[in-house]
Amino acid sequence: MNFQLRHNLLITIFIIVIIAVMWLLMKGLSYSFDQLSTPELGKSSQEQAQAKKTAYIEKIDNFALQEFNALQNLSHFVEADNYYNFKDEPALLVNPKVTTYNENGELNYVLTSKRAHYLDTGEVSFKGEVDISSSNGMRHKMNTEELLVDTNTENLLSRKKVTYLGEDAKILSQGMNMQAKTDKMQLTGETVIYQDGGQKMLTKDLHVDQSNQKKHYYSKNKTTYLSAENKIYAQGLDMQDATTKLLGKVSLLQNSGSNIQTKNITIDQTDGAEVYQTNEGIHYRSTVADIRAKGMHYDAAQQKIKFTGDVVGQYDQ
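Residues numbered from 1 in each chain as written. Predicted model: local features only at pLDDT ≥ 70, side-chain atom pairs only at ≥ 80, totals over all residues. Heavy atoms only, no water.

A. Fine view of the overall build of the protein. When helices and strands are tallied, the protein shows two helices and 25 strands. Taking all 317 residues of the protein together, the buried fraction comes to 35%. When contacts within the protein are restricted to residue pairs at least 6 apart in sequence, those whose partners lie at least 24 apart make up 32%. About 19,100 Å² of surface is accessible on the protein, with carbon and sulfur atoms providing 51% of the total. (Helix = DSSP H or I, 4+ residues; strand = E, 2+ residues; numbered from the N terminus. Buried < 20%, exposed > 50% of the residue type's maximum accessible area, 1.4 Å probe, protein only. Contact = heavy atoms within 4.5 Å. Areas by Shrake-Rupley, 256 points an atom, 1.4 Å probe, with all protein chains shown as cover.)

B. Seen up close, the pairing of strand β2 (residues 74–86). Most of β2 sits inside the fold, with 10 of its 13 residues counted as buried. Pairing of strand β1 (residues 56–68) with β2, which is carried by 11 bridges, proceeds in the antiparallel orientation. Looking at β2, one finds that E67 is bridged to H76. Linking β2 back to strand β3 (residues 91–94) in an antiparallel pair, the connection comprises four residues. (Pairing = 2+ DSSP bridges.)

C. Summary view of the confidence of the model for the protein. Put simply, the protein has an average pLDDT of 83, and 82% of its residues get 70 or more. Mean pLDDT per element in the protein: helix α2 (residues 45–54) is the minimum at 48, and strand β15 (residues 223–226) is the maximum at 97. Contacts for the low-pLDDT stretch residues 46–53, under 50 throughout, to residues beyond four places or in other chains number six contacts. (pLDDT = per-residue confidence, 0-100.)

D. Seen up close, the side chain of T224. With respect to the element layout, T224 can be found in strand β15. Assessed through its relative accessible area of 17%, T224 is described here as buried.

E. View of the packing of aromatic side chains. Under the defined criterion, the tally for this structure stands at six aromatic pairs. Ring geometry for Y56 and Y84: centres 5.0 Å apart, planes at 65 degrees, overall edge-to-face. Of the two residues, Y56 is situated in strand β1 and Y84 in strand β2; the sequence distance between them amounts to 28 residues. Classification of Y56 as partly exposed rests on a relative accessible area of 45%. Centre to centre, the rings of F63 and Y83 are 4.6 Å apart; their planes meet at 15 degrees, and the pair counts as stacked. (Phe/Tyr/Trp six-rings, centres within 6.5 Å; stacked < 30°, edge-to-face > 60°.)

F. Broad picture of the environment of T121. Considering the arrangement of structural elements, one finds T121 in the loop between β5 (107–118) and β6 (124–134). Between the C-alpha atoms of T121 and T151, which are 30 residues apart in sequence, the distance is 9.1 Å. Side-chain polar atoms of T121 contact the side chain of E123, separated by 3.1 Å. (Polar contact = N/O pair within 3.5 Å; in protein donor to acceptor, adjacent residues only side chain to side chain.)

G. Examining the layout of surface pockets more closely. What the largest pocket holds in volume is close to 450 Å³. Forming the walls of the largest pocket are 23 residues, and the residues nearest its centre are D168, Q195, D241, A242 and Q269. When its residues are assigned to classes, the lining of the largest pocket shows eight nonpolar, nine polar and six charged. Quantified by volume, the second largest pocket comes out at close to 310 Å³. Contributing to the lining of the second largest pocket are 16 residues, with Y101, N102, E103, N152 and E154 lying nearest its centre. Of all the secondary-structure elements, those providing two or more residues to the lining of the second largest pocket are β1 and β2. Grouping the amino acids of the lining of the second largest pocket by side-chain chemistry returns two nonpolar, nine polar and five charged. (1 Å grid on protein atoms, 1.4 Å probe; cavity = no way out; pocket = protein on both sides within 12 Å on 5 of 7 lines; lining within 4 Å. Points joined across faces, edges and corners; volume = space filled by probe spheres on them. Nonpolar A, V, L, I, M, F, W, Y, C, P; charged D, E, K, R; others polar.)

H. Structural context of unusual backbone geometry. Positive phi values are uncommon outside glycine, yet Q72 reaches one of about 65 degrees. You can see Q72 is positioned in the loop between β1 and β2. Positioned with a positive phi, D241 is a non-glycine residue whose angle comes to about 55 degrees. Secondary-structure assignment places D241 in the loop between β17 (236–240) and β18 (243–254). Judged by its relative accessible area of 62%, D241 falls in the exposed class.

Next up, the structure:
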């Protein structure tokens with residue numbers, strides 16, 4: 001009898017052990033399956049929430065969207081290689097191209113970039129390097145964190161830092177706005193111009209006008225011009241082609257300590273030269289001379305000054 005009880009007890013224990021082993025195997029297989037099928041495993045709940053948030057809910061290849069004005073003329077045409085729609089984020093355009101038209105349906109300009117956001121307001125927000133081609137054949141190139149295209153007015157606006165890439169200069173500003181109808185741009189706020197020749201200019205609210213199919217830069221604000229040998233203070237700036245004009249009252253300080261007071265200096269930078277000229281009257285002062293003249297021709301590279309007109313000088317012995 002005792003033998004029979006022991007036998008039954010052993011069988012019961014054996015069955016319980018088998019059931020436990022099978023349960024552990026099933027649990028292990030379930031865990032392995034979860035790891036293979038859930039790439040988010042191991043990430044924090046915050047990371048998983050962010051992944052779900054940024055996952056797109058719609059994708060369109062070769063995206064195209066046309067919009068028309070009240071006269072049923074085409075106002076703008078938005079294209080992109082890919083369009084990604086997100087639940088809680090603005091739609092993303094990959095390699096976007098936005099073509100805008102005036103109120104008569106005539107081509108205004110074309111903007112291209114590597115990416116942009118299509119906002120709920122209908123605006124297109126470009127990111128990074130943006131290339132703007134106007135209908136007259138002129139182009140603007142710039143880098144910015146955000147460039148908004150207003151699809152109602154077709155104007156461009158950036159409240160972020162802008163790096164404008166000119167033919168012979170790189171210009172940094174605190175923002176930008178552009179009137180599409182006039183093809184005139186303003187680089188807003190404190191502006192720094194780095195010329196390829198090594199010169200540097202500090203000004204404010206620089207205008208870029210290419211309505212006459214030539215790049216024309218100007219500012220009516222105080223300007224500082226810095227070169228290897230000279231520092232010049234002026235009341236305004238006007239640049240076109242290889243000519244820079246420093247406007248209003250001008251104070252030129254040489255590294256030697258000499259000082260020149262005059263007005264409206266023109267700087268000829270053709271072929272890498274740096275020649276200052278003016279016919280506005282000169283007052284030159286150094287440690288050994290005090291000279292007044294009607295004009296000046298100053299070759300900064302050669303450090304040679306030629307005073308023109310009636311020249312009156314006083315020299316200390």
